[in-house]
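Here is what each chain is made of, one letter per residue.
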Amino acid sequence: MIQLIFGEKGSGKTKKILELANTAAETAKGSVVFIDVDEDYMYDLNLSVRFINATEYALAGPKMFYGFICGIAASDHDMECILIDSFMKIIRHDLSTLEELFRQLERFSEQHHIRFVMSLSCAPDQLPGFLKPYIG
């Protein structure tokens with residue numbers, strides 16, 4: 001399952017994804033990972049949430065991002081939820097070019113039973129059609 005939290009800058013996306021991460025940590029039987037572009041919110045997370053600063057890995061594009069996600073999941077067979085804040089700052093690609101990445105993530109999610117939650121800055125009228133099923 002993939003869930004997107006989207007809105008324009010300042011609309012509360014980070015606050016919502018932090019709340020979702022902490023709720024997941026309280027109820028999850030497996031591991032919860034939170035990926036962000038800096039360490040500003042690291043201490044707002046439940047101690048059981050594994051925090052990853054994506055900028056430490058110089059991710060460049062959707063293929064590297066997908067490999068990064070696969071590596072995280074491969075290192076923990078109990079992975080239950082991966083939350084990604086500031087997705088567009090991590091991926092550094094035009095949103096309209098990411099349809100294949102989302103297909104891959106959806107297949108990966110189903111195969112490994114991992115829930116993905118991503119926040120992205122985007123005005124509602126700029127959201128590509130292929131992302132609409134993930135809004136929630």
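Right above here is the structure, for reference.
Computed from a prediction, not measured in an experiment: that's the story for all the values here. (Residues numbered from 1 in each chain as written. Predicted model: local features only at pLDDT ≥ 70, side-chain atom pairs only at ≥ 80, totals over all residues. Heavy atoms only, no water.)

Turning next to the overall build of the protein. When its secondary structure is counted, the protein shows 4 helices and 5 strands. In the protein, the succession of α and β elements from N to C terminus is β-α-β-β-α-β-α-α-β. Here the C-alpha radius of gyration of the protein, 14 Å, is about what a compact globule of 136 residues would show, namely 14 Å. C-alpha atoms of the protein, sized along the principal axes, occupy 35 × 30 × 30 Å. The contacts in the protein between residues at least 6 apart in sequence include a share of 67% that link residues at least 24 apart. For the protein, the exposed area adds up to about 7400 Å²; of that, 51% sits on carbon and sulfur atoms. (Helix = DSSP H or I, 4+ residues; strand = E, 2+ residues; numbered from the N terminus. Rg over C-alpha atoms; globule rule 2.2 N^0.38 Å. Contact = heavy atoms within 4.5 Å. Areas by Shrake-Rupley, 256 points an atom, 1.4 Å probe, with all protein chains shown as cover.)

Below, the discussion takes up the packing of helix α2 (residues 62-74) against helix α4 (residues 99-112). Two quantities define a packed helix pair, namely the angle between the axes and the distance from one axis to the other. Closest axis-to-axis distance for the α2/α4 pair is 10 Å, and the angle between their directions is 15°. Judged by the angle between their axes, α2 and α4 are roughly parallel. Where α2 crosses over α4, the handedness of that crossing is right-handed. Side by side, α2 and α4 meet where P62, F65, Y66, I69, C70 and A73 of the first sit next to L101, Q104, L105 and F108 of the second. Along the lines of polarity and charge, the residues of the contact of α2 with α4 split into 9 nonpolar, 1 polar and no charged. (Axes fitted to C-alpha atoms, helices over the stretch in contact; angles between N-to-C directions. Parallel < 35°, antiparallel > 145°, perpendicular 65-115°, else oblique. Left-handed = near helix turned anticlockwise from the far one by under 90°. Nonpolar A, V, L, I, M, F, W, Y, C, P; charged D, E, K, R; others polar.)

Along strand β5 (residues 115-121), 5 of the 7 residues are buried, which leaves the element largely enclosed by surrounding structure. Sheet topology note: the strand β1 (residues 2-7)/β5 ladder contains 6 bridges and is parallel. Counted as the bridge partner of I2 is F116 from β5. Note that strand β4 (residues 79-84) and β5 share 4 bridges and pair parallel. Among the inter-strand pairings, I82 is bridged to a residue of β5, identified as F116. (Buried < 20%, exposed > 50% of the residue type's maximum accessible area, 1.4 Å probe, protein only. Pairing = 2+ DSSP bridges.)

Bear in mind that shape data such as this cannot, by itself, settle questions of function.
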